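# Per-entry structural report
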Amino acid sequence: MDMILPLIQDVGFPIAVTFYLLYRIETKLDGVIQSIQTLPDKMKP
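Residues numbered from 1 in each chain as written. Predicted model: local features only at pLDDT ≥ 70, side-chain atom pairs only at ≥ 80, totals over all residues. Heavy atoms only, no water.

Where an unreviewed UniProt entry is consulted, the chain appears under the name Ribonuclease Z, with the organism given as Domibacillus aminovorans.

Below, the structure is given as structure tokens:
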């Protein structure tokens, strides 16, 4: 148990940052996907 607690403390912060960044990237990717899907309609004369 003494070895597990420092491991969680050391790894916990990078995991939290990773999940935050993945959430931000997912939001931006949703916008890119939506733009790509509407592109053919915008290109029609």
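Moving on, there is more to tell.
### So, the overall build of the chain
Note the threshold: Secondary structure elements are defined from DSSP: runs of H or I of at least 4 residues count as helices, runs of E of at least 2 residues count as strands, and each element is numbered from the N terminus. Burial here depends on accessible area, computed with a 1.4 Å probe over protein chains only, as a share of the maximum for the residue type. Under 20% is buried, over 50% is exposed, and the range in between is partly exposed. Areas reported here follow the Shrake-Rupley algorithm with a probe of radius 1.4 Å; residue values treat only the protein chains shown as occluding. Just so you know, the count uses Lys and Arg for positive and Asp and Glu for negative, and it drops His and the chain ends. To locate a charge, the coordinates of NZ of Lys, CZ of Arg, CG of Asp or CD of Glu are taken.
Scanning the chain from terminus to terminus reveals one helix and zero strands. In the chain, buried positions account for 0% of the 45 residues. If you sum the accessible surface of the chain, you get close to 4,600 Å²; carbon and sulfur atoms cover 71% of it. Placing the 4 positive and 5 negative side-chain charges of the chain at their respective mean positions leaves the two points 20 Å apart.

### Thoughts on a nonpolar patch on the surface
Note the threshold: Exposure above 30% relative accessible area and the absence of a salt bridge qualify a residue for a patch, where like charges join within 9 Å and nonpolar side chains (Val, Leu, Ile, Met, Phe, Trp, Tyr) within 5 Å. One side-chain nitrogen of Lys or Arg within 4 Å of one carboxyl oxygen of Asp or Glu is enough to make a salt bridge.
Taken together, the side chains of Leu7, Val11, Ile15, Phe19 and Leu22 make up a nonpolar region of the molecular surface, amounting to roughly 480 Å² of accessible area. Tracing the chain through its elements places Val11 in helix α1 (residues 4-43). Owing to a relative accessible area of 36%, Val11 belongs among the partly exposed residues under this scheme.

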